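Overview (structure and organization)
One letter stands for each residue in the lines below.
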Amino acid sequence: LALLAGLAWALPREDACEACHAIVHQSVLHLKDLHERPAPVIDGFLRGVCAPKNLRVYTKPPAKMAELCQEFLKSHHDALTTLLTGTDPELEYHVCHVQLPACTGTVYERRGYSDRLTLRRALAERLRTLEAALQSPTPELNRRCSSVIQTQVAAAVAATQAWLGAHVASQTPATAIEMQTAAFSSIASTALAAVDAIAARESAMQAASAVQSRAARALGAVGATRNEQRDWRALQQSATETSVWLAQDEEAPAAQYRARADALEDVADLITVNRATGKYNSAPDAQPTKPKRPRIPRTDL
């Protein structure tokens, strides 16, 4: 510890503290699933931790945070390689406030910086979830992912980061932290739900098309009984109605789209099972176990 305490600080203390928290926070996020964290793993992590994409939820812009991060690592790489091998649940506080300590005597230490860290963690978690949903868009997401949703999220992120910056030098009550976190969470959750619904709608459109093709192939097959053909035609009609409904309704929740797609696929599977088990052949003139025709969900729900 005496060696660590004697390390030169190339950055202003507040910047060093911010960089330290960002590095340790990112290590906790990226290495949390590892039961052991040997020095080579830590070293590999530190080589990429200062990428701006990892530093989007701190008080300074990502490009500036990347500069601070790199400058901090120049003096503290070896110390961090040793300290980050631990799995202490309070690692961030212990490394930056106790063991280095990068934050001693700073405004962060005096003004309840740990409360703001709680907000940063919540922001980082929700941003990663949102970005994961937006980084692998399907063609329908490219077409339909509302610019309003993305604008709302971008505004929420900017407002929260500005709020953090405005409160960094003042005492911030825990209730204010909680309210700010809840406000951002609400906007992010709404955006995620909308993106999920868009993806579910596209998936349902693909399922309806696949069932229509499946029914067409079955109706053209040799040996299909009258009852089997009747069931395939009914299903084909339901799939067509579903396609029309999906083309017209862009406001339903994701669960409604998925339920309709699942119903179509379940009926197609049941007809196939009935054929494979001989139910259609054993009673060609009787009414076999008829799958229920999927109900078109109401669009005014």
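Summarised in this report is the structure supplied together with it.

Rules used throughout
Residues numbered from 1 in each chain as written. Predicted model: local features only at pLDDT ≥ 70, side-chain atom pairs only at ≥ 80, totals over all residues. Heavy atoms only, no water. Helix = DSSP H or I, 4+ residues; strand = E, 2+ residues; numbered from the N terminus. Buried < 20%, exposed > 50% of the residue type's maximum accessible area, 1.4 Å probe, protein only. Contact = heavy atoms within 4.5 Å. Areas by Shrake-Rupley, 256 points an atom, 1.4 Å probe, with all protein chains shown as cover. Disulfide = S-S within 2.5 Å. Expected span 1.5 Å × (residues − 1). Core = buried A, V, L, I, M, F, W, Y, C linked by side-chain atoms within 4.5 Å. Phe/Tyr/Trp six-rings, centres within 6.5 Å; stacked < 30°, edge-to-face > 60°.

Turning next to the overall build of the protein chain. When helices and strands are counted, the protein chain shows 13 helices and 0 strands. Overall, the protein chain shows an N-to-C arrangement of helices and strands of α-α-α-α-α-α-α-α-α-α-α-α-α. Relative to its full complement of 301 residues, the protein chain shows a buried share of 42%. Put simply, 76% of the contacts in the protein chain that link residues at least 6 apart link residues at least 24 apart. Split by element, the accessible area of the protein chain, about 15,600 Å² in all, is 56% carbon and sulfur.

Let us now look at the state of the cysteines. Across all of its chains, the model carries 3 disulfides by this definition. What pairs with C17 in a disulfide is C103, and their sulfur atoms sit 1.9 Å apart. Linking C17 and C103, the disulfide has an S-S dihedral of approximately 90 degrees and is accordingly described as right-handed. In this pair, C17 is assigned in helix 2 (residues 13–31) and C103 in the loop between helix 5 (91–99) and helix 6 (107–110), connecting sequence segments 86 residues apart. For C103, a relative accessible area of 0% gives the class buried.

Here helix 12 (residues 254–276) contains 23 residues, and its C-alpha end-to-end distance of 33 Å stays within 8% of the 33 Å for a straight helix at 1.5 Å per residue. Of the residues making up helix 12, those classed as buried are A254, Q256, Y257, R260, A261, L264, V267, A268, I271 and N274. Count one or two residues on from helix 12 and you reach G278, which has phi positive near 80 degrees.

It is worth spelling out the nonpolar core at this point. Ranked by internal contacts, the top residues of the largest apolar core, which has 33 residues, are L46, F72, L80 and V95. For this core, the elements supplying multiple residues, two or more each, are helix 2, helix 3 (39–48), helix 4 (62–83) and helix 5. For this core, the element with the most residues is helix 4, which contributes 9 residues. Not counting residues up to four positions away in its chain, the partners in contact with L80 are I23, V24, I42, L46, F72, L73, V95 and L100.

Now for the packing of aromatic side chains. With the rule as written, the count across this model stands at 1 aromatic pair. With a centroid separation of 5.7 Å and an interplanar angle of 50 degrees, the aromatic rings of W245 and Y257 are classed as tilted. Separated by 12 residues along the polypeptide, W245 in helix 11 (residues 226–248) and Y257 in helix 12 bring together distant segments of the chain. Overall, the relative accessible area of 5% leaves W245 in the buried class.

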